[in-house]
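# What the coordinates show
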Amino acid sequence: LAEGPWRDDTDYKDRLAVVRAAELDAAAKELGVTRALRIGISDCDGEPGEHALGQLRAVLCDFAPDVVVLPWMFDGHSHHRRANILLADAAAALDFIVIGYEIWSMLTPNAYLDISDLLDRKLDIVRLYERSTMSPMLEAWRRYELSTSP
């Protein structure tokens, strides 16, 4: 929330959940997504349970993606590691490519996904997130990385 750093209290977590839901709705609308599925994983605490695992597996089976993109497994944020573990558990015996991208921790690339034609739109969507860490310095670094990538 705009009021400062993350806090471990119930009132803050409840307000953060409302803000996160609104941010997701705004991003989905901007992307033209007609259905954003929330599988009940808290952004603040707890571990995904069997219900979340089952819901994600159902989505993966129904959608049958060729590629799934998410923050890389060894990123410096525990939620990003949990997302990878949840995906691995939900995707058992499913066949698709997983591409991880860096957020908090530097990643040595082993794949290249050129989004340069969509970068401005992506940054506009990232800015919809009130708690985004997309500072001007980080944005400049991302643009530099894209301009020097093969």
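For the structure itself, consult the block above.
Figured I'd write up the structure that's included with this text. Every residue gets a number counted from 1 within its own chain, in the order that chain's sequence is written. The predicted origin of the model limits local features to residues at a pLDDT of at least 70 and limits the giving and counting of side-chain atom pairs to 80 or more, whereas totals for whole chains, interfaces and linings rest on all residues. Only hydrogens and water are removed before side-chain values are computed, so all heavy atoms of the structure are retained for them.

### Brief notes about unusual backbone geometry
Phi at Ala64 is positive, roughly 50°, even though this residue is not glycine. Secondary structure follows DSSP: runs of H or I at least 4 residues long count as helices, runs of E at least 2 residues long count as strands, and numbering of each begins at the N terminus. With respect to the element layout, Ala64 can be found in the loop between α2 (50-63) and β1 (67-71). Exposure categories follow from relative accessible area, calculated using a 1.4 Å probe and restricted to protein chains: below 20% of the type maximum is buried, above 50% is exposed, and the middle band is partly exposed. Ala64 sits in the exposed class, given a relative accessible area of 52%.

### Observations regarding the pattern of salt bridges
Salt bridge, as used here: a side-chain nitrogen of Lys or Arg that lies within 4 Å of a carboxyl oxygen of Asp or Glu. Enumeration over the complete set of coordinates arrives at four salt bridges. Between Asp25 and Arg38 there is a salt bridge, with its nearest N and O atoms 2.5 Å apart. Taken together, the residues Asp25 in helix α1 (residues 10-31) and Arg38 in the loop between α1 and α2 connect sequence positions 13 residues apart. Using a relative accessible area of 41% as the deciding quantity, one classes Asp25 as partly exposed. Between Asp124 and Arg127 there is a salt bridge, with its nearest N and O atoms 2.9 Å apart. Take Arg127: its relative accessible area is 43%, and that puts it in the partly exposed class.

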